[in-house]
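Listed below, chain by chain, are the residues.
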Amino acid sequence: MENYRSKATILSVLSMGLGQIYNRQFMKGIVFLLVEAWSVFYFSGSLGRALWGIVTLGEEPRRLVRGKWVEGDHSIFILVQSLITLLFLVLFIIAYIMNVRDAYKTAQKREQGQQPNNFKQSVRYMLDYKFAQAFLTLPTIGVLFFTIMPILFMIMLAFTNYSAPNHIPPAKLVDWVGFQTFKDLLSLKTWSHTFFGVLTWTIIWAVLSTVTTYLGGLLVALLINQQGIKFKGMWRTILVIPYAIPQLISLLVMRNMFNGQFGPINQYLGYFGLGGLPWLTDPFWAKVTVIVVNMWVGIPVSMILIMGILTTIPKDMYEAAEIDGANGYQKFRIITLPMILFSTAPTLIMQFAGNINNFNAIYLLTNGNPVVGDYQYAGATDLLVTWLYKLTLDQNKYNMASAVGIIIFLIIASFSIYNYRRTKSFKEEDMIQ
Amino acid sequence: MSGRKARKGIRLGLSYLVLIILSIGAIYPALWVVLGSFRPGKSLYSKTLIPESFTLEHYRELFNSQSYMFGQWYLNTLKIATLSMIIGVFLTLLTSYAVSRFRFRGRKTALSTVLILGMFPGFMSMIAIYLLLKEWHLLDTHLALVIVYAAGAPLGGTFIAKGFLDTIPRTLDEAAKIDGASNWMIFTRIILPLSKPMLTYMALTQFVGPWVDYIFARLVLRTKENWTLAVGLYDMVASNQNTNFTAFSAGAVLIAVPITILFVFLQRLLVDGLTSGASKG
């Protein structure tokens, strides 16, 4: 028995593919070699610059030389390019480890006297036993580049001074500043006042909007589900309509209907001799309006959800309760309500988390307005997310926006992870079948 | 006995009354806009709900006027939404099938990653995506939107789709395997036909997303003839002061009606989709 293992391993460590060729898996070896060649070519040109870029974020801004602008380093492009290169490096390292492990395993099999798979057999093996991984490759690449990389990028921005007016490339450079942005946000009077003001409203909004839509949905579902109510399907169809209309449309329409000067609602009130209300221009009424409009949009969702659960409650529970002489209210309190609460608790928490991030409801309806005088670029109905949006796109305070984004994430993540961990489906998911 | 009957009658009567009021509340704004789109003039307000005369002028205006390129926007949106839907559903299906049917190393990590990534505010990554698209010279193209919408689809849909696939008995797969079917055959011959309701639900939601997305489309699309419906419609009401509300209503009707009809029509599926997502996480 020969010792193939160490030779194959050493060869595959030296270069991808050599171990496979040594194992007489030529096609596979050539594929690996091509990957290696391409990677060496790519990294020799970019890796040094990527490391330099991520450490320094550029050294020369755009400058005037003898009356002409000379392009310098654009810190943000450098950061993005470096990040892409480093991500490719991670992928390359993973591929390299796979290559070594594969060479080792195949050599081990040869020592036991087995023929290594030929290329066709390898593909076949992949499809039979590594099906899940093969399936996941494409989505993973998409998620990596369009979700993970952007998030990493934004997290990094929170630790730079990338903001208007003094640190916007290409005229100026951007630098790493550590936790300075967070310190400013939480302790600098102008920023912290806005931050805590907006945070407070965000939480009030999330609680109120979740509770109102949930209770509203519960009420409607119970109303329709009562014994003796006819045309249940028709009521449900009518009441589900607000959910079926795209939010973009319904919220923009509501924005016009509640318009203080020419909106139909105030004109209607005027028609009946009542004074109009400053629906969207007074801070207090604007808050009331967003909650009410959100009920209109959100109640159908809870209604559908709760109606779905009502149908799953076993009938014999009610029959047993009736034999014991329970009245309608008792049946509701002892059977219906606990069952609904039990099944919807996870959704309720997710809806709460979703409402913290409910960009559409605020932005399309009020734009975050009315403006509050002593706030930094925020209005009375701005949530943390819409404030983040304004800081990014209108004010170019990218570092501050990223810091706010990270804080939002921490709040939401703590709710969701708690929620996810305690759901049964995570702990015992294989028990379903 | 009759007292009980009377009480029941009162209860039902009150319930019907509340239901009628709620129903009016639910459809009034929608009805207002639909009827508004047929009303002559420019104001969204009128004393009566039903207009005194009907006109199709606003619809004609949308497609003929120089300032609105509604026909062009409609085609753009249709193209973007259809392509993102096809690719997005495909990617979501791959992901959810893999995590529902196979047990492999890193599976729980993958699931948790999907969950955590979904918690980041979407536009936190928008600036980065914007720069990335700029790097690749994809700004102001429809391809950029399709790529980003489709790549993001698995994050939103995987959990609901997985919840559905989990309910298809695994004994079916095993029986097919014994009969000599490969994984791919099991997927195409057994799983896909059985997942039709879920596929419809997924296709619908992933079509509607791009169809009405304002934020990201606004960021990427710069020239007016490349705009989508959402960007165009928002521009119609939010940019200028003396807005033409009736034309806006007509636009709103054209965007919302196909989607709304689909949703109401597919209500059953909606219920299933929502509840399976709810009870199985």
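Starting afresh in each chain, residues are numbered from 1 along the sequence in its written order. Each chain gets a letter, beginning with A, and each ligand a number, beginning with 1, in the order they are written. Totals for whole chains, interfaces and linings use all residues, but because this is a predicted model, local features are given only for residues with pLDDT of at least 70 and pairs of side-chain atoms are given and counted only at 80 or more. For side-chain calculations, the full set of non-hydrogen atoms in the structure is used, while hydrogens and water are omitted.

1. Considering the overall build of chain A
Thought 1: For chain A, the helix and strand inventory stands at 18 helices and two strands.
Thought 2: Relative to a compact globule of 433 residues, whose C-alpha radius of gyration would be 22 Å, chain A shows 30 Å and is clearly more extended.
Thought 3: Across its three principal axes, chain A shows a C-alpha extent of roughly 90 × 80 × 35 Å.
Thought 4: Here's how the labels work: a residue is buried when its accessible area is under 20% of the maximum for its type, exposed when over 50%, partly exposed in between, all with a 1.4 Å probe on protein chains only. A burial count over chain A gives 49% of its 433 residues as buried.
Thought 5: Two residues form a contact once any of their heavy atoms are found within 4.5 Å. A fraction of 67% describes how many contacts in chain A between residues 6 or more apart in sequence connect residues 24 or more apart.
Thought 6: For the accessible areas, the method is Shrake-Rupley and the probe is 1.4 Å, while residue cover comes only from the protein chains on display. For chain A, the exposed surface amounts to about 21,400 Å²; the carbon and sulfur share of it is 66%.
Thought 7: Here the positive residues are Lys and Arg and the negative ones are Asp and Glu; neither His nor the chain ends is included. For the purpose of locating charges, the reference atoms are NZ of Lys, CZ of Arg, CG of Asp and CD of Glu. Counting 33 positive and 22 negative side-chain charges, chain A places the centres of these two groups 3 Å from one another. Per the convention used, a helix needs a DSSP run of H or I reaching at least four residues, while a strand needs a run of E reaching at least two, with both numbered from the N terminus. C-alpha atoms define the radius of gyration, and 2.2 Å times the number of residues to the power 0.38 defines the globule rule.

2. Quick word on the overall build of chain B
Thought 1: Counting its regular elements, chain B contains 13 helices and zero strands.
Thought 2: Across chain B, helices and strands are ordered from the amino to the carboxyl terminus as α-α-α-α-α-α-α-α-α-α-α-α-α.
Thought 3: Its C-alpha atoms give chain B a radius of gyration of 24 Å, more than 25% over the compact-globule value 19 Å for 281 residues.
Thought 4: Its C-alpha atoms put chain B at 80 × 70 × 35 Å along the principal axes.
Thought 5: When each of the 281 residues of chain B is scored for burial, the buried share is 54%.
Thought 6: Put simply, 72% of the contacts in chain B that link residues at least 6 apart link residues at least 24 apart.
Thought 7: Put simply, chain B shows about 12,600 Å² of open surface, and 67% of that area lies on carbon and sulfur atoms.
Thought 8: In chain B, 26 positive and 13 negative side-chain charges are present, and the distance between their average locations comes to 12 Å.

3. Looking at the packing of aromatic side chains
Thought 1: Any pair of Phe, Tyr and Trp rings, taking the six-membered ring for Trp, is counted once the centres come within 6.5 Å. Such a pair is stacked with planes under 30 degrees apart, edge-to-face with planes over 60 apart, and tilted for the rest. In this structure the tally under the stated criterion is 48 aromatic pairs over all chains.
Thought 2: Both rings, one in Phe-92 of chain A and one in Tyr-96 of chain A, keep their centres 5.6 Å apart while their planes meet at 80°; by these two values the pair is edge-to-face. With a gap of four residues between them, Phe-92 of chain A and Tyr-96 of chain A both fall in helix α4 (residues 75–111), about one helical turn apart. In this pair, the class of Phe-92 of chain A matches that of Tyr-96 of chain A, namely buried.
Thought 3: Their ring planes at 35° and their centres at 5.6 Å tell us that Phe-38 of chain B and Tyr-59 of chain B sit as a pair that is tilted.

4. Re the interface of chain B and chain A
Thought 1: On the chain A side, the residues contacting the 95 residues of chain B number 94 residues.
Thought 2: A simple way to read buried area is as the amount of 1.4 Å-probe accessible surface that goes missing from two parts once joined, with both sides added. Carbon and sulfur atoms supply 76% of the area buried between chain B and chain A, which totals about 8,800 Å² over both sides.
Thought 3: For the chain B face of the interface with chain A, the top three residues by lost area are Tyr-45, Met-119 and Met-124 of chain B, together amounting to 8%.
Thought 4: The rule for a salt bridge is simple: a side-chain nitrogen of Lys or Arg has to be within 4 Å of a carboxyl oxygen of Asp or Glu. Linking chain B with chain A are zero salt bridges, by the criterion used here.
Thought 5: For the side of chain B that touches chain A, the element with the highest residue contribution is helix α1 (residues 2–36) of chain B, accounting for 17 residues.

5. Some details on the side chain of Ser-12 of chain A
Thought 1: Within the secondary structure layout, Ser-12 of chain A lies in helix α1 (residues 4–14).
Thought 2: Ser-12 of chain A has contacts with Gly-19, Tyr-96, Asn-99, Val-100 and Ala-103 of chain A, leaving out every residue within four places of it along the chain.

6. Points about the UniProt feature "transmembrane region" (unreviewed entry) in chain B
All names here are of chain B.
Thought 1: UniProt positions are given in the numbering used here, feature names are shortened, and annotations may be inferred rather than shown by experiment. Listed under "transmembrane region" (unreviewed entry) in the UniProt record, and renumbered for this structure, are residues 12–35, 80–99, 111–133, 145–165, 186–204 and 245–266.
Thought 2: Between the first and last C-alpha atoms of residues 80–99 the distance is 28 Å; the span itself is 100% helix and 0% strand.
Thought 3: The distance from the first to the last C-alpha atom of residues 245–266 is 31 Å, and the span holds 95% helix and 0% strand.

7. Structural notes on unusual backbone geometry
Residues and elements named next belong to chain A.
Thought 1: The residue after Asn-369, namely Pro-370, is reached through a cis peptide bond having omega 0°.
Thought 2: In this structure, Pro-370 sits in the loop between α15 (359–363) and α16 (384–394).
Thought 3: Located in the positive-phi region is Tyr-377, a residue other than glycine, with phi close to 55°.
Thought 4: Following the sequence through the fold, Tyr-377 ends up in the loop between α15 and α16.
Thought 5: The class of Tyr-377 is partly exposed, set by a relative accessible area of 32%.

8. Quick word on the UniProt feature "domain: ABC transmembrane type-1" (unreviewed entry) in chain A
Thought 1: Under the feature "domain: ABC transmembrane type-1" (unreviewed entry), the UniProt entry names residues 199–419 of chain A.
Thought 2: Taken end to end, residues 199–419 of chain A comprises 75% helix and 0% strand; its first and last C-alpha atoms sit 22 Å apart.

9. So, the packing of helix α9 (residues 232–244) of chain A against helix α12 (residues 283–312) of chain A
Residues and elements named next belong to chain A.
Thought 1: Only the contacting stretch of a helix is used when fitting its axis, a line to C-alpha atoms as for every element, and angles between N-to-C directions run 0 to 180 degrees. Close contact between α9 and α12 brings their axes to 7 Å; oriented N to C, the two are set at 130°. Relative to α12, the element α9 lies oblique. Here α9 and α12 pass one another in a crossing that is left-handed. On α12, the residues that touch Arg-236, Leu-239, Val-240, Pro-242 and Tyr-243 of α9 are Trp-296, Pro-300, Val-301, Met-303, Ile-304 and Met-307.
Thought 2: Basically, the charged four are Asp, Glu, Lys and Arg, the nonpolar ten are Ala, Val, Leu, Ile, Met, Phe, Trp, Tyr, Cys and Pro, and anything else, Gly included, counts as polar. Of the residues contributing to the contact of α9 with α12, the split by class is 10 nonpolar, no polar and one charged. Any angle that falls under 35 degrees is termed roughly parallel, while one over 145 is termed roughly antiparallel, one within 65 to 115 roughly perpendicular, and all others oblique. Rotating anticlockwise by less than a right angle from the far helix to the near helix defines a left-handed crossing, while the corresponding clockwise rotation defines a right-handed one.

10. Digging into helix α6 (residues 131–157) of chain A
Thought 1: The first and last C-alpha atoms of α6 of chain A sit 38 Å apart over 27 residues, in line with the 39 Å expected at 1.5 Å per residue.
Thought 2: Values of bend correspond, residue by residue, to the angle between axes fitted over the seven residues ending at that residue and the seven starting there. Its axis deflected by about 40° at Leu-144 of chain A, α6 of chain A carries its strongest bend there. What a helix is expected to span follows from its residue count: subtract one and scale by 1.5 Å.

11. Let's talk about the UniProt feature "transmembrane region" (unreviewed entry) in chain A
Residue and element names in this part refer to chain A.
Thought 1: The residues that UniProt annotates with the feature "transmembrane region" (unreviewed entry) are residues 30–55, 75–100, 134–159, 195–223, 235–254, 284–313, 334–354 and 398–418.
Thought 2: Along residues 284–313 one finds 97% helix and 0% strand; the C-alpha atoms at either end are 42 Å apart.
Thought 3: Segment residues 398–418 splits into 100% helix and 0% strand. End C-alpha atoms: 30 Å apart.

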